[in-house]
Amino acid sequence: MNNIPKSKLVLTVINCGFNRFAAPETLMRALELLNYLGALDDDGNLTDVGSVMAEFPLDPQLAKMLIKSCSFNCSNEILSITAMLSGTLAQVDDLNYLFLMGMKKWWNTFLFSL
């Protein structure tokens, strides 16, 4: 199961009729979004950026924004924006901010170790 590209797994689910909760068009839009963000290549395989994005417990757009913020030296600001956008106001607390700061430290370490 680990060797199956995630997009092919989604397409298999669509074709097998297990998509009672989501329309095939919705799943295809999700795959197109992941491809647009660079998380999937044209063959539907997870890219290196997609692997990093998958590690974040965030929506794909927010994960990509957080990753790209390192290139523009605005990680602190993007972390604050991501914390505000990733949940309701009640969920945005010091613990979320500390988690995202830890992820920033991990990402910077990972980025500079390449």
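What you are looking at is a predicted structure, and each value in this text was computed from that prediction instead of being measured. (Residues numbered from 1 in each chain as written. Predicted model: local features only at pLDDT ≥ 70, side-chain atom pairs only at ≥ 80, totals over all residues. Heavy atoms only, no water.)

(A) Region of the structure containing the overall build of the protein chain. The number of helices and strands found in the protein chain is 6 helices and 0 strands. For the protein chain, the α and β elements follow one another from N to C terminus as α-α-α-α-α-α. Every one of the 114 residues in the protein chain was classed for burial, and the buried ones make up 26%. When the accessible surface of the protein chain is split by element, carbon and sulfur atoms take 60% of a total near 8,100 Å². (Helix = DSSP H or I, 4+ residues; strand = E, 2+ residues; numbered from the N terminus. Buried < 20%, exposed > 50% of the residue type's maximum accessible area, 1.4 Å probe, protein only. Areas by Shrake-Rupley, 256 points an atom, 1.4 Å probe, with all protein chains shown as cover.)

(B) Quick peek at unusual backbone geometry. Despite not being glycine, N73 has its phi angle at roughly 55 degrees, a positive value. Here N73 shows up in the loop between α4 (60–69) and α5 (75–85).

(C) Molecular detail of the nonpolar core. With 17 residues, the main nonpolar core has M53, F56, L58, L66 and I67 as its most contacted residues. Top contributing element to this core by residue count: α4, with 4 residues. Setting aside anything within four residues of it in sequence, one finds F56 in contact with A63, L66, I67 and M103. (Core = buried A, V, L, I, M, F, W, Y, C linked by side-chain atoms within 4.5 Å. Contact = heavy atoms within 4.5 Å.)

(D) Layout of a nonpolar patch on the surface. A surface patch of nonpolar side chains, about 300 Å² in accessible area, is lined by I81, M84 and L85. Topologically, L85 is positioned in helix α5. (Patch = residues over 30% accessible without salt bridge, like charges linked within 9 Å, V, L, I, M, F, W, Y side chains within 5 Å. Salt bridge = Lys/Arg side-chain N within 4 Å of Asp/Glu carboxyl O.)

(E) View of the state of the cysteines. A complete count under the given rule lists 0 disulfides for this structure. Free of any disulfide, C70 has its nearest neighbouring cysteine sulfur in C74, separated by 8.5 Å. The class of C74 is partly exposed, set by a relative accessible area of 22%. (Disulfide = S-S within 2.5 Å.)

(F) Structural view of helix α2 (residues 24–36). The terminal C-alpha atoms of α2 lie 18 Å apart, and with 13 residues this matches the ideal 18 Å at 1.5 Å per residue to within 8%. Positive backbone phi, at 90 degrees, marks G38, one or two positions downstream of α2. (Expected span 1.5 Å × (residues − 1).)

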